Amino acid sequence: MRRAKRILMCWEFGSGNGHVRQLKLIGERLQKQGFDVTYALRRPDAGEAVGIPAGAIRQAPNWPLKSPPAEDRKPMTSATYGDYLAQLMLGPRDDLSERLQKWSSLIEAEHPDLIIADYAPSVSLLFYGRIPIVAVGNGYVLPPTSLPSFPRLIDDVPIQYEESDVVGRVNKILHRYHKKPISHFPQINRADRPYLLTLPCIDPYREHREGNWLGTPDTREIVLAMRPEMRVFAYFQEQQQTDVRLVEGLVRAGLPGKAIFSLPLRRTIKLLEPAGISVPDGLAYLPIELLSCRVIVHAGSSGMAMAGIAAGIPQVMIKTDIEKTLVAQSIAARNAGTVLSWSTFEMLDLAVAVRAAAESQAMQKAARDLSLENTRYLQIDPVTEIAKGVVDLLS
């Protein structure tokens, strides 16, 4: 009997459930087409949280690989995507040689016929040219490999690594594995087929591309909210609920709704539910939640931002890292949302921003206009496009 082709879905960097959720949607389609699909995830718990069977998950190298000495624990900066990657892979919290060795051992053991890499540059570095690689990702984590260098994305942030030095260090380690070197740093995401899962309005590299935006699998069933109620929908990582500013800010906004933290604490439930904000266990089905909500509050992830754009509702984004900053600023520039900073916002800042977004007719209209402008991308089925590419590469 002929063996089914094996697909290995790889996730290396990034937080939250967005990466594994879209890998699951792609993997399910490929399984229906007869492929054997396995997931190599930096956090297996995230895979199980979105419904991937534990038996299909392999532990990939997590980040960080080690805890640095106290004197080396300086905060990471991110003036460019490349500089942020260099800090991830070459900084005191990690060891690129060890990271590549772990990935090499895992992939050699799995013997995949094709790899789908989501924010997994180590996989692209190691196996491009040997195993067909499909790279998927949003605009920030999947810059054009044709760029001679990574452009600066934030002005007031220092750059810690010179790209020429990074390329030299990466190639030195690749040489040990007899892998093809890179000539410039953006080649770190080299792949046989890249699939850009984002919208042009939040792509920081849109001026360097020639189209090919596919939207995202997560928004396929989300429709434009026609009669949104005065309700709020909040979506944050589990650990963020311990920040009293966030929970109290949602309460002070004075709107009923729902808040998702995956595993809510009893204290969180006691504070939010008397204010009319339900706090269920688990995740949420966004097409239903966003249909009747008037404002969405989140940390600025591209997945939640695109969900808000698809629904045509204003967004209050409490940004953290560079990716979320860029996404939030893009939406706010269209008057379709408000940006707060996680490091500096106050409880009343959040309450006022949520209430203003819900009550502002101008912001409601801007959010709907932004959705309508992206209709052509929101109607694309990216999973079908990726599945066709996989079949083509393996035929």
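What you are looking at is a predicted structure, and each value in this text was computed from that prediction instead of being measured.

Undergrad: Lay out helix α7 (residues 244–253) in plain terms, naming residues and giving numbers.
TA: Side chains three or four residues apart in an α-helix point the same way, a direct result of the helix having 3.6 residues per turn. Arg 245, Leu 246, Val 247, Gly 249, Leu 250 and Ala 253 are the residues of α7 that are buried. For α7, the secondary structure elements touched by its buried residues are β7 (232–235), α8 (266–272), β9 (277–278), β10 (295–298), β11 (315–319) and α12 (347–359). Phi turns positive, to about 75°, at Gly 254, one or two residues after α7.

Undergrad: So, the pairing of β7: which residues are in play, and what are the values?
TA: Because side chains alternate across β7, one face comprises the buried residues Val 232 and Ala 234, and the other comprises Phe 233 and Tyr 235, equally buried. As paired strands, β7 and strand β8 (residues 257–260) are joined by four bridges and run parallel to one another. Within β8, the position partnered with Val 232 by the bridge is Gly 257. One crossover worth recording links β7 to the parallel β8 by way of α7, and it is right-handed. Alignment of β7 against β10, held across four bridges, turns out to be parallel. From the neighbouring strand, Phe 233 faces β10, where its bridge partner is Ile 296.

Undergrad: Quick rundown of the environment of Ser 292? Include the residues and the values.
TA: Looking at the secondary structure, you find Ser 292 in the loop between α9 (286–289) and β10. Residue classification places Ser 292 among the partly exposed positions, given a relative accessible area of 23%. C-alpha of Ser 292 to C-alpha of Ile 52: the two residues are 240 residues apart in sequence and 29 Å apart in space.

Undergrad: Now, about the sheet that holds β7: what can you tell me, with residues and values included?
TA: Strand order in the open sheet made by the six strands is β9-β8-β7-β10-β11-β12, with parallel pairing throughout. The open sheet terminates on both sides in strands that have one partner only, identified here as β9 and β12 (337–341). The pairing of β10 with β11 spans three bridges and is parallel. Across the sheet, residue Ile 296 finds its bridge partner in β11, namely Gln 315.

Undergrad: Can you tell me about the pattern of salt bridges, naming the residues and giving the values?
TA: One pass over the full model with this rule turns up 19 salt bridges. The partner of Lys 102 in a salt bridge is Glu 98, with the nearest N and O atoms 3.9 Å apart. Placement of both Lys 102 and Glu 98 in helix α4 (residues 96–110) is noted, with a separation of four residues, approximately one turn of the helix. A relative accessible area of 33% means that Glu 98 is categorised as partly exposed. Here Asp 321 makes a salt bridge to Lys 324, at a shortest N to O gap of 3.1 Å. Taking relative accessible area as the criterion, Asp 321 reaches 27% and is therefore assigned partly exposed. Relative accessible area serves as the criterion here: at 10%, Lys 324 is assigned to the buried category. Residues joined by salt bridges that share partners form a network here, namely Arg 6, Asp 36, Arg 58 and Glu 110.

Undergrad: How would you summarise the packing of aromatic side chains if you had to cite specific residues and measurements?
TA: How two aromatic rings sit relative to each other is set out by the distance from centre to centre and by the angle between their planes. For the structure shown, the criterion picks out eight aromatic pairs. Taking the centre distance of 6.3 Å and the plane angle of 40° together, the rings of Tyr 81 and Tyr 119 count as tilted. Placement of Tyr 81 in helix α3 (residues 81–90) and of Tyr 119 in the loop between β4 (114–118) and α5 (121–127) is noted, with a sequence separation of 38 residues between them. Ring plane angle 80° and centroid distance 5.1 Å describe the contact between Tyr 81 and Tyr 140, whose orientation is recorded as edge-to-face. Taken together, the positions of Tyr 81 in helix α3 and Tyr 140 in the loop between β5 (133–137) and α6 (163–176) put the pair 59 residues apart, joining distant regions of the chain. The class for Tyr 140 is buried, based on a relative accessible area of 4%. Aromatic ring contacts, followed pair by pair, group Phe 13, Tyr 81, Tyr 119, Tyr 140, Phe 150 and Phe 185 into a single cluster. Over the ring of Phe 127 we find Lys 179, and its NZ or CZ is 5.0 Å from the ring centre. Over the ring of Trp 342 we find Arg 245; its NZ or CZ atom is 5.8 Å from the centre of that ring.

Undergrad: Help me get a handle on the sheet that holds β5, residues and values and all.
TA: The strand order across the open sheet built from six strands is β3-β2-β1-β4-β5-β6, with neighbouring strands paired in parallel fashion. At either margin of the open sheet sits one strand with a lone partner, and together these are β3 (57–59) and β6 (193–196). Between one strand and the next, the sheet's axes are offset by a mean angle of 20°, whatever the strand orientation. Pairing between strand β2 (residues 36–41) and β3: three bridges, direction parallel. Paired with Ala 40 across the bridge in β3 is Arg 58. Contacts from helix α15 (residues 382–394) reach β1 (6–11), β4, β5 and β6 within the one sheet, and its direction differs from that of β6 by about 180°.

Undergrad: Describe in detail the packing of helix α10 (residues 302–311) against helix α11 (residues 322–332), supporting the description with residues and values.
TA: Remark: α10 packs on α11, axes separated minimally by 10 Å, with the N-to-C direction vectors making an angle of 15°. The orientation of α10 relative to α11 falls into the category roughly parallel. Relative to α11, α10 is oriented so that their crossing is left-handed. Here Ser 302, Ala 305 and Ile 309 of α10 lie close against α11, whose contacting residues are Glu 323, Val 327 and Ile 331. Residue composition of the contact of α10 with α11, grouped by class: four nonpolar, one polar and one charged.

Criteria and cut-off values
- Residues numbered from 1 in each chain as written.
- Predicted model: local features only at pLDDT ≥ 70, side-chain atom pairs only at ≥ 80, totals over all residues.
- Heavy atoms only, no water.
- Buried < 20%, exposed > 50% of the residue type's maximum accessible area, 1.4 Å probe, protein only.
- Helix = DSSP H or I, 4+ residues; strand = E, 2+ residues; numbered from the N terminus.
- Contact = heavy atoms within 4.5 Å.
- Pairing = 2+ DSSP bridges.
- Right-handed = clockwise from strand over helix to strand, strands pointing away.
- Salt bridge = Lys/Arg side-chain N within 4 Å of Asp/Glu carboxyl O.
- Phe/Tyr/Trp six-rings, centres within 6.5 Å; stacked < 30°, edge-to-face > 60°.
- Lys NZ or Arg CZ within 6 Å of the ring centre and 35° of its normal.
- Axes fitted to C-alpha atoms, helices over the stretch in contact; angles between N-to-C directions.
- Parallel < 35°, antiparallel > 145°, perpendicular 65-115°, else oblique.
- Left-handed = near helix turned anticlockwise from the far one by under 90°.
- Nonpolar A, V, L, I, M, F, W, Y, C, P; charged D, E, K, R; others polar.

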